[in-house]
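Spelled out, the chains give:
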Amino acid sequence: MMQNIIVGIVIGVVSGVMFGTIIIAPKLDHPTHETAMSEAESAKEHALPEPVSESPPTELDRPVVRWRMASAYPISLPQLGSQALRVERNIWEVSDGGIEILLFEPDTLVPTSQIFDAVASGTIDAAFASSKFWSDKEPSLRLFSAIPFGPQPGEFLAWIYFGGGQDLLNEIYQPLGVHSVICGMIAPESSGWYRRRFTTPDDLKGLRMHASGLGAKVLNKIGVQTHKLKAYNIFLALENGEIDAAQFSMPVIDLKLGFNELASHYYFPGWQQPSSFIELIVNKSHWEALSKARKSQIEAVCGDNVRYGLAEGEALQFHALKELTARGVKIHRWPSSILLALKSAWKVVVSEQSAADANFKRVWRSLSDFRNDYTIWKELTRP
């Protein structure tokens, strides 16, 4: 009897241990599914939010900029038209299609004489031209296009970018509702086409000639009768004898237009325009609406266009001069006495213009001061 009792106790103890080990212990060590879910939710509630990485919008995310651009130059013209075409194409490529500029020939969007007002009012977005086209509106703008006895391209660029020229240009344009980007450069021009040779300043008195800008004012001082004609009327006026001479552009362009068929004496240097800028003018509000990246893309393309225009212009002229010579054109340099007379007349003109217009005086003073300092370097580097 006693033995049975002891066996029973042993079996009970063993069974209890096994029950606790197999059934109870796992439940104490591992929470139930419901308990685990509750703890997970609690942890989730108290956990710090994961940082969200948001990339700024790229230019590809922005709306495409679509502009209409009027050109003051026929697209078929070397140098002038070719640079306009490069702007249209390269801005699209550099912006990866984000800026589309549609180029229009002269007088198709608006008359060339109304380009500036059309851009300023927002009727069109932009234009490719020289500031001389609207210098009647603001005389100081002539000093950014064709300056008699003015700087050569390197000196002109130095003043624009590092001598305060660009700042002055923006100060003049901004109140008029326009933003300007220097967007091209052309080679020096010739001094014009004549039917005879000249040896003294008196030989020019009474000459009837197509000329424009500040150069025309200089010619007037030495007795030349100047006429400002539309480009398409110059050839006809020379042909029918209304004028005796005409100054238009550089050899490669003059050859294309056929001036050599009507006058055989071709004079250099082009004292009235040693170098000249072309601008991309943009409606001020349209420019300011662009992102910083879009503005930089346009400025980069225009800067490259200056390089291209300068190099192309220098490379094209001697081929044209060879062709003109082969066609019987006689190429001359002005006698020193005539150049001195023209330079003296220019000093009178610039004095009169400075007295008549405050902006002209301010720009001229800036350019003159820069050129005076530049002479230090120029004289040392001249062979």
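The structure this text deals with has already been given above.
Residues numbered from 1 in each chain as written. Predicted model: local features only at pLDDT ≥ 70, side-chain atom pairs only at ≥ 80, totals over all residues. Heavy atoms only, no water.

Draft legend 1. Looking closely at the packing of helix H12 (residues 336–356) against helix H13 (residues 358–381). Two elements in contact, H12 and H13, have axes whose closest approach is 5 Å; the angle formed by their N-to-C orientations is 125°. Here H12 lies oblique to H13, going by the angle between them. Taken together, the residues of H13 that come into contact with H12 (itself represented by Trp 346, Val 350, Gln 353, Ser 354 and Ala 356) are Ala 358, Phe 360, Lys 361 and Trp 364. (Axes fitted to C-alpha atoms, helices over the stretch in contact; angles between N-to-C directions. Helix = DSSP H or I, 4+ residues; strand = E, 2+ residues; numbered from the N terminus. Parallel < 35°, antiparallel > 145°, perpendicular 65-115°, else oblique. Contact = heavy atoms within 4.5 Å.)

Draft legend 2. How the structure looks around the environment of Leu 109. Structurally, the position occupied by Leu 109 is in the loop between strand S2 (99–104) and helix H4 (115–121). Sequence-wise, Leu 109 and Ser 71 are 38 residues apart; in three dimensions their C-alpha atoms are separated by 9.2 Å. Aside from chain neighbours lying at most four places away, what touches Leu 109 is Arg 68, Met 69, Ala 70, Phe 104 and Ile 124.

Draft legend 3. Spotlight on the sheet that holds strand S1 (residues 65–71). Strands sit in the order S2-S1-S3-S10-S4 across an open sheet of five strands; the sheet is mixed. At either margin of the open sheet sits one strand with a lone partner, and together these are S2 and strand S4 (178–186). The sheet shows a mean angle of 25° between the axes of neighbouring strands, direction not considered. Sheet topology note: the S4/strand S10 (residues 276–283) ladder contains eight bridges and is antiparallel. Across the sheet, Ile 186 pairs through a bridge with Ser 276, a residue of S10. Along the sheet face, helix H5 (residues 153–162) touches S4 and S10 and points at about 160° away from the line of S4. Helix H6 (residues 165–173) rests against S4 and S10 of the sheet, and its axis sits at about 135° to S4. (Pairing = 2+ DSSP bridges.)

Draft legend 4. Examining the side chain of Glu 312 more closely. Its place among the elements puts Glu 312 in helix H11 (residues 292–326). Polar contacts involving the side chain of Glu 312 include one to the side chain of Gln 79, which spans 3.0 Å. Excluding anything up to four places from it in sequence, Glu 312 contacts Gln 79 and Ser 82. (Polar contact = N/O pair within 3.5 Å; in protein donor to acceptor, adjacent residues only side chain to side chain.)

Draft legend 5. Fine view of empty space enclosed by the protein. One pass over the full model with this rule turns up one cavity of 30 Å³ or more. If you add up the space inside the largest cavity, you get close to 40 Å³. Ser 191, Tyr 194, Leu 204, Leu 207, Met 209, Leu 219, Val 224, Trp 271, Trp 334, Ile 338 and Leu 342 are the residues that line the largest cavity. Of the residues contributing to the lining of the largest cavity, the split by class is 10 nonpolar, one polar and no charged. (1 Å grid on protein atoms, 1.4 Å probe; cavity = no way out; pocket = protein on both sides within 12 Å on 5 of 7 lines; lining within 4 Å. Points joined across faces, edges and corners; volume = space filled by probe spheres on them. Nonpolar A, V, L, I, M, F, W, Y, C, P; charged D, E, K, R; others polar.)

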